[in-house]
Amino acid sequence: AYKDMKSNISKIRSVALGLFLAGAMAGCADKEIEVNPGGLTPVRFGAGIEMPTRTTSGGDQWADGDRVGIFMLRSGGTIPGDVLTVGGILANNVGYKATPGGDATRADLSPAVAGRALYYPQDGSAVDFIAYYPFSMLLLADPHRLDVSLATQTDPAALDVLWGRATGYSKADPEASLTMDHVLSKVTLNLKPGDGLTRADIEGMAEGSVAFGSMPSSVRVNLTDGSSVARVPAGFALRKASSPAEG
């Protein structure tokens, strides 16, 4: 199984995603909560990287415009049956985009489409948030799963699947915290010169000349619980990332 590979695996840790109301500031218990003209309480999302394990070009940073899909559902509910509609917005796979701050390991998330923000239910009922990355419009046809092709490895960030769930929040307790975990593991093969294999041999290897066989070529992620199932064993070429290892 893909996640069980231990040899030469670079373990990918967790990404923390904090959810908090617009206008909410730590230590300001008597502040006024922001509401929209219709009296609804908007949710503001912020994302923070807990460990330097992202596979973006920066390694440990959110990229400007990274898209995250978010669901809001009844507390303890499942997708799609318990997804809520608040303020005329069906909270089913709503796209948010990242805008990194001065420290790009943190980012604010704002609606990817104007007018498509999420709001807490005004009756005070508890909700859960489910978030995943990278965002996909294909969930509209089958909103409980995300299919990811692993056959092409040229864009590692597109395969850096993240998932997380925050439970039991409401407008009375609006400052939610969601930790997004990596669904997949990054595999790195370190080639070293040795008997019959020189440094020049390794440096001269063409992109794709090393391949895996009988590996999953796709994975299906259940967005209700973050579980995954490997599918369609196949072989595929590896991406050449750097110079050969020393030693």
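Conventions we followed
Residues numbered from 1 in each chain as written. Predicted model: local features only at pLDDT ≥ 70, side-chain atom pairs only at ≥ 80, totals over all residues. Heavy atoms only, no water. Phe/Tyr/Trp six-rings, centres within 6.5 Å; stacked < 30°, edge-to-face > 60°. Helix = DSSP H or I, 4+ residues; strand = E, 2+ residues; numbered from the N terminus. Buried < 20%, exposed > 50% of the residue type's maximum accessible area, 1.4 Å probe, protein only. Contact = heavy atoms within 4.5 Å. Pairing = 2+ DSSP bridges. Axes fitted to C-alpha atoms, helices over the stretch in contact; angles between N-to-C directions. Salt bridge = Lys/Arg side-chain N within 4 Å of Asp/Glu carboxyl O. Core = buried A, V, L, I, M, F, W, Y, C linked by side-chain atoms within 4.5 Å.

Peer 1: It is not clear to me how the packing of aromatic side chains should be interpreted in this structure. Could you clarify?
Peer 2: For any pair of aromatic rings, geometry is given as the distance between the ring centres together with the angle between the planes. Scanning the model with the defined rule gives two aromatic pairs in all. When the centroid spacing of 6.4 Å and the interplanar angle of 35° are considered together, the rings of Phe-71 and Tyr-132 count as tilted. Residue Phe-71 is found in strand S4 (residues 67-74), and its partner Tyr-132 is found in strand S10 (residues 127-133); the two are separated by 61 residues along the sequence. Exposure class is identical for Phe-71 and Tyr-132. Each is buried.

Peer 1: Where do I start with the side chain of Ser-218 in this structure?
Peer 2: In this fold, Ser-218 is placed in strand S15 (residues 211-222). For Ser-218, the contacting residues outside a window of four places in its chain are Val-148, Ser-149, Leu-150, Val-229, Ala-230, Arg-231 and Val-232.

Peer 1: Sorry, what's going on with the sheet that holds strand S11 (residues 145-149) here?
Peer 2: Whether parallel or antiparallel, the strands of a sheet pair through hydrogen bonds between backbone atoms. Reading across from one edge, S11-S15-S16 is the order of the three strands in this open sheet, with antiparallel pairing throughout. Two strands in the sheet have a free side with no partner beyond their single neighbour: S11 and strand S16 (228-237). Averaged over all pairs of adjacent strands, the angle between strand axes in this sheet comes to 25°, irrespective of strand direction. Note: S15 against S16, eight bridges, orientation antiparallel. When the bridges of S16 are listed, Ser-218 appears paired with Arg-231.

Peer 1: Just checking my understanding: could you explain the pattern of salt bridges for this structure?
Peer 2: All told, the structure shown has five salt bridges when counted by the stated rule. For Asp-147, the salt bridge goes to Arg-145, with nearest N and O atoms at 3.6 Å. For Arg-145, a relative accessible area of 25% corresponds to the partly exposed category. For Glu-203, the salt bridge identified is with Arg-199, shortest N-O distance 3.3 Å. Here Glu-203 and its partner Arg-199 are both found in helix H1 (residues 199-203), four residues apart, which amounts to about one turn of the helix. A relative accessible area of 43% places Glu-203 in the partly exposed class. We classify Arg-199 as partly exposed; its relative accessible area is 30%. Ionic contacts of the salt-bridge type, sharing partners, join the residues Arg-145, Asp-147 and Arg-220 into one network.

Peer 1: Even after reading the chapter, I still don't get the side chain of Ser-217, so can you show me in this structure?
Peer 2: With respect to the element layout, Ser-217 can be found in strand S15. With residues up to four places along the chain from it excluded, the contact list for Ser-217 reads Val-148, Ser-149, Leu-150, Ala-151, Arg-231, Val-232 and Ala-234.

Peer 1: When you look at the nonpolar core in this model, what are you seeing that I'm missing?
Peer 2: By size, the foremost hydrophobic cluster in this structure holds 46 residues, and its most contacted members are Phe-71, Tyr-132, Leu-146 and Leu-223. For this core, the elements supplying multiple residues, two or more each, are S4, strand S7 (94-100), strand S9 (119-120), S10, S11, strand S12 (162-169) and S15. If you tally residues by element for this core, the top one is S10, at six residues.

Peer 1: What is the right way to read the environment of Ala-172 from this model?
Peer 2: In this fold, Ala-172 is placed in the loop between S12 and strand S13 (176-182). What makes Ala-172 exposed here is its relative accessible area of 70%. As a C-alpha pair, Ala-172 and Ala-126 span 46 residues in sequence and 9.0 Å in three-dimensional space.

Peer 1: Looking at this model, I keep getting lost on unusual backbone geometry. Mind explaining?
Peer 2: Phi is mostly negative for residues that are not glycine, and the peptide bonds are mostly trans. For the bond running from Ile-79 to Pro-80, omega is 5°, close enough to zero to count as cis. Looking at where Pro-80 falls in the secondary structure, it is placed in the loop between S4 and strand S5 (85-86). Following Tyr-133, the chain continues to Pro-134 via a peptide bond in cis, the omega torsion being 0°. Residue placement: Pro-134 occurs in the loop between S10 and S11.

Peer 1: I keep staring at the pairing of S4 and nothing clicks. Help me out?
Peer 2: In regular strands, side chains alternate between the two faces of the sheet. In terms of residue burial, S4 counts as a mostly covered element, since six of its eight residues are buried. Here four bridges tie S4 to S7, and the two strands are oriented antiparallel to one another. Along S7, the bridge assignment pairs Ile-70 with Val-94. Summarising the sheet, S4 and S10 pair through six bridges and their orientation is antiparallel.

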